[in-house]
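Results of the structural survey
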Number of protein chains: 2
Amino acid sequence: MGLKEMFHLARVPSILMLGLVYMTYVLIGGVVFWKLEGDLGEKDISVLLQNKKNLLMTYPCLNQEGLDAVVLTAASKAGLSFKNNYTKSGFWKYTSSAVFAATVVTTIGYGNLCPTTSAGQIFCVFFALFGIPLNVVVLNRVGKYILKHLSYTFTWEKYSLEHDNMSAPFHILLQKFLFFIVPMIVFQLQEGWTYSQALYYCFITLSTIGFGDFVAGTSYNPDKMYPDWYSVLMASWIFFGLAWLALIINHSIDILEQLNSHLKRRRQKQEEE
Amino acid sequence: MGLKEMFHLARVPSILMLGLVYMTYVLIGGVVFWKLEGDLGEKDISVLLQNKKNLLMTYPCLNQEGLDAVVLTAASKAGLSFKNNYTKSGFWKYTSSAVFAATVVTTIGYGNLCPTTSAGQIFCVFFALFGIPLNVVVLNRVGKYILKHLSYTFTWEKYSLEHDNMSAPFHILLQKFLFFIVPMIVFQLQEGWTYSQALYYCFITLSTIGFGDFVAGTSYNPDKMYPDWYSVLMASWIFFGLAWLALIINHSIDILEQLNSHLKRRRQKQEEE
Ligand SMILES: [K+]
Ligand SMILES: [K+]
């Protein structure tokens, strides 16, 4: 007797089965990340310990306490360089504040800049409370507009309506890779990332996960100059990319829910027989 | 002649007006953040420069180059303490990997842990590609379940259907503050945050922005021990909180879209007259 039949006999509500699938998915993901990253963590630590030893040898007056003090001072403000000729320009200047506001309403939230004052934090809460729904409405509208006015997408939509099958989402998935390739090349050239890092950055941004480990336009290198068109291109890419992805995610959800109700109907039919 | 009439006369498409509202909202937000945080940034810099001066005086062998080297070594791995008795336990252990997987599928993405290997990054992309839609489906189902089975919420839903007005969302907003107050007190006690910081953390987490400046359960203090029920409570809070918020956000979007179509209808009526 398979697991499926056992569940069927026990009449487990479908919401519990869905919950079980979800839990299993997350826990298996946890195991994979642990295996993939845990080993590297160990290697990193040995490299770090070696670097620390070298530092202590180069600067003999520095003890463990001194190291901790330096690190604590530097860590007190993320993104704040310890460089001698530090100017305020790299921090909460106006353009970066506008970018920050955009990462709030899109819920990307890279976190390379965060409000630290109570007033800033409370404002952030209310700003997001109205900004996030507004952002969703705008992106949905833009997504529908793209769907209506771009002939290629329109053809796909007609195709999907006529051939109610699974190939349509794969079609759009292919389209999506095209939407990823141009930014990937641009980021690889501008930021000096590898292709896999650039792909990872594109996905983490457009999925609104936004870890903030890679953020385009915020190189640690102070000599790095970005061209003028770079920020405009990035903003457009994020905006239209999110609208595009909203379309695709809605499609994926529809498919999952159709699959779910299909399975439900089949089970009901089996029960009636 | 007001701005509204001008737009009306010029027959600007409503999508452009919506885009204008959106842009204005984000840009004004940017100005407020800049004003609120920019001043503090300046104060922070003077404190940092003073701390740096003190460090250089305490450890005379350390020059600018040495400071940079120490900071660079420490920054090479975020969250990796420079402590002498460092063990691997604080890093990619299994429980934190599972929490990481959960922050990926919910798109919270705190970023206090990030995959650094190419394999981990590519797996993360595919893990999220299927995990995010699954998460949305599960949360929607749980949200509907709550709405159906909790009598209080059910009463509210009936109320909102009978009295099709604006007071229902305010009602649920009040309910929501209740949902925020218990976690706020718990975080304030357990993490030692102020109430405004705890509220900020609750909102930034449940809105899935997830800056990662505050993350419950990851105190920098190595002596901090969390009680056993803490992680279970946190996971349940995030899960049910997200389901709850999905309900509210869907309601807000409905209201905004109703408002939009109402304005559109009124304009069409005016044009016909
Ligand atoms: K996020
Ligand atoms: K984030």
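These notes cover the structure that comes with them. Starting afresh in each chain, residues are numbered from 1 along the sequence in its written order. For this description, chains carry letters from A and ligands carry numbers from 1, given in the order in which they are written. At least 70 in pLDDT is required for a residue's local features to be given in this predicted model, at least 80 for side-chain atom pairs to be given and counted, and no such filter applies to totals for whole chains, interfaces and linings, which use all residues. Side-chain measures were taken over the full set of non-hydrogen atoms in the model, leaving aside hydrogen atoms and water.

Time to look at the overall build of chain A. Secondary structure assignment for chain A yields nine helices and zero strands. Only DSSP runs of H or I with at least four residues qualify as helices, and only runs of E with at least two residues qualify as strands; both kinds are numbered from the N terminus onward. Beginning at the N terminus, the succession of helices and strands in chain A can be written as α-α-α-α-α-α-α-α-α. The buried label goes to any residue with under 20% of its type's maximum accessible area, the exposed label to any with over 50%, and the partly exposed label to all in between, with areas taken from a 1.4 Å probe on protein chains only. Every one of the 273 residues in chain A was classed for burial, and the buried ones make up 40%. The criterion used for residue contact is that any of the two residues' heavy atoms lie within 4.5 Å. Across chain A, the fraction of contacts at a sequence separation of at least 24, relative to all contacts at a separation of at least 6, is 55%. Areas reported here follow the Shrake-Rupley algorithm with a probe of radius 1.4 Å; residue values treat only the protein chains shown as occluding. Surface accessibility of chain A: about 15,300 Å² in total, with carbon and sulfur atoms responsible for 66%.

Below, the discussion takes up the environment of Thr208(A). Here Thr208(A) is to be found in the loop between helix H8 (195-206) and helix H9 (229-272). Separated by 34 residues in the primary sequence, Thr208(A) and Leu242(A) have C-alpha atoms spaced 8.3 Å apart.

Let us now look at the coordination of the potassium ion (ligand 2). The rule for donors is simple: N, O or S, within 2.8 Å of the metal, or within 3.2 Å if the metal is Na, K or Ca. Water isn't counted, so a site may look like it is missing partners. Around the potassium ion (ligand 2), the protein contributes the donor atoms Ile108(A) (O), Gly109(A) (O), Ile209(A) (O), Gly210(A) (O), Ile108(B) (O), Gly109(B) (O), Ile209(B) (O) and Gly210(B) (O), at 2.7 to 3.0 Å from the metal centre. The distance between the potassium ion (ligand 2) and the potassium ion (ligand 1) comes to 3.1 Å, with Ile108(A) serving as a donor to both metals. Here Gly109(A), found in the loop between helix H4 (94-105) and helix H5 (118-149), pairs with Ile108(B), found in the loop between helix H4 (94-105) and helix H5 (118-149), and the two come from separate chains. Look at Ile108(B) and you get buried, because its relative accessible area is 1%.

We now examine the side chain of Thr208(A). You can call Thr208(A) buried: its relative accessible area is 13%. With sequence-adjacent residues up to four places away left out, Thr208(A) is seen in contact with Thr106(A), Thr107(A), Ile108(A), Leu242(A), Thr107(B) and Thr208(B).

Now for a nonpolar patch on the surface. Here, patches come from residues exposed beyond 30% relative accessible area and free of salt bridges, joined within 9 Å for like charges and within 5 Å for nonpolar side chains (Val, Leu, Ile, Met, Phe, Trp, Tyr). Here a salt bridge means any side-chain nitrogen of Lys or Arg lying within 4 Å of a carboxyl oxygen belonging to Asp or Glu. A surface patch of nonpolar side chains, about 400 Å² in accessible area, is lined by Ile181(A), Ile185(A), Leu189(A) and Tyr195(A). Within the secondary structure layout, Ile181(A) lies in helix H7 (residues 167-191).

This part covers the environment of Tyr230(B). All names here are of chain B. Relative to the helices and strands, Tyr-230 resides in helix H9 (residues 229-272). In sequence terms Tyr-230 and Phe-187 are 43 residues apart; their C-alpha atoms lie 9.9 Å from each other. Those residues in contact with Tyr-230, other than ones at most four positions away along the chain, are Val-186, Phe-187, Gln-190, Glu-191, Ala-216 and Gly-217.

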